[in-house]
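Here is how the chains run, residue by residue.
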Amino acid sequence: MKKTFLSAIVLCIVFISCSKTGPTGATGATGSQGSTGAQGPKGDTGTANVIYSAWNDATNFRDTTIDGSKLDVATLAAPSLTSADLNSATIMVYFNFGAGVFPLPYTSDAGAAVSTISFIPNVGSITITRFTADNSASITLGDALQYRFIIVPGGVSVPDSWDYATVSKFYNFSIQ
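Just so it is clear, the model here is predicted, and its values are computed rather than measured. (Residues numbered from 1 in each chain as written. Predicted model: local features only at pLDDT ≥ 70, side-chain atom pairs only at ≥ 80, totals over all residues. Heavy atoms only, no water.)

Novice: Outline the overall build of the protein chain, supporting the account with residue identities and numerical values.
Specialist: Within the protein chain, the secondary structure is distributed over three helices and ten strands. Its helices and strands in sequence order give the protein chain the pattern α-β-β-β-β-α-β-β-β-β-β-β-α, from N to C terminus. Expressed as a percentage of the 176 residues in the protein chain, the buried residues total 22%. In the structure as shown, the protein chain presents an accessible area of about 12400 Å², 58% of it carried by carbon and sulfur atoms. (Helix = DSSP H or I, 4+ residues; strand = E, 2+ residues; numbered from the N terminus. Buried < 20%, exposed > 50% of the residue type's maximum accessible area, 1.4 Å probe, protein only. Areas by Shrake-Rupley, 256 points an atom, 1.4 Å probe, with all protein chains shown as cover.)

Novice: Could you give me a rundown of the side chain of Asp72, with the residues and numbers involved?
Specialist: With respect to the helices and strands, Asp72 occurs in strand 4 (residues 69-77). Within the buried set, Asp72 has no salt-bridge partner at all; the shortest N-O distance to an opposite charge, 6.8 Å, is to Arg130. Among the polar contacts made by the side chain of Asp72, one reaches the main-chain amide nitrogen of Leu141 at a distance of 2.5 Å. Discounting chain neighbours no more than four positions away, the residues touching Asp72 are Arg62, Asp63, Ile128, Thr129, Arg130, Ile139, Thr140 and Leu141. (Lys, Arg positive; Asp, Glu negative; His and termini not counted. Salt bridge = Lys/Arg side-chain N within 4 Å of Asp/Glu carboxyl O. Polar contact = N/O pair within 3.5 Å; in protein donor to acceptor, adjacent residues only side chain to side chain. Contact = heavy atoms within 4.5 Å.)

Dropping the structure here:
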């Protein structure tokens, strides 16, 4: 019995001495302010020298056939559009008329026939096209529309395979 009582007392002493609570320690000194530092190095992703035009009228309205499709076409001057842009840039065209501004291609039921206004970029110009779904070319572009083009030059081409090492190097980041 004495052994059991003695064992219980030892066990209580061990339990109490192993308690996780204790007195609060002294407050440490305040650390120095963290560095705001300079901006990191520029990555290799190129620049975004976006080029855009003012709103312009198309000219040289005419009918033509492309790949067997009858089209009404016009020419939009784009003197800043180069062969390098045709090979590597993103080219967008918007048109503006009474109902608002819309990106091309644009499909509607104007003139009681389904038609699509689109574009074909060329060096120095953009061919604006209108195709009717019934291939009649019965709906013209009209000279009341205005157009704006945007050129987003290509930067660094994307690698063929994307693994973590390639992506982190391409975008200049790492995961800790």
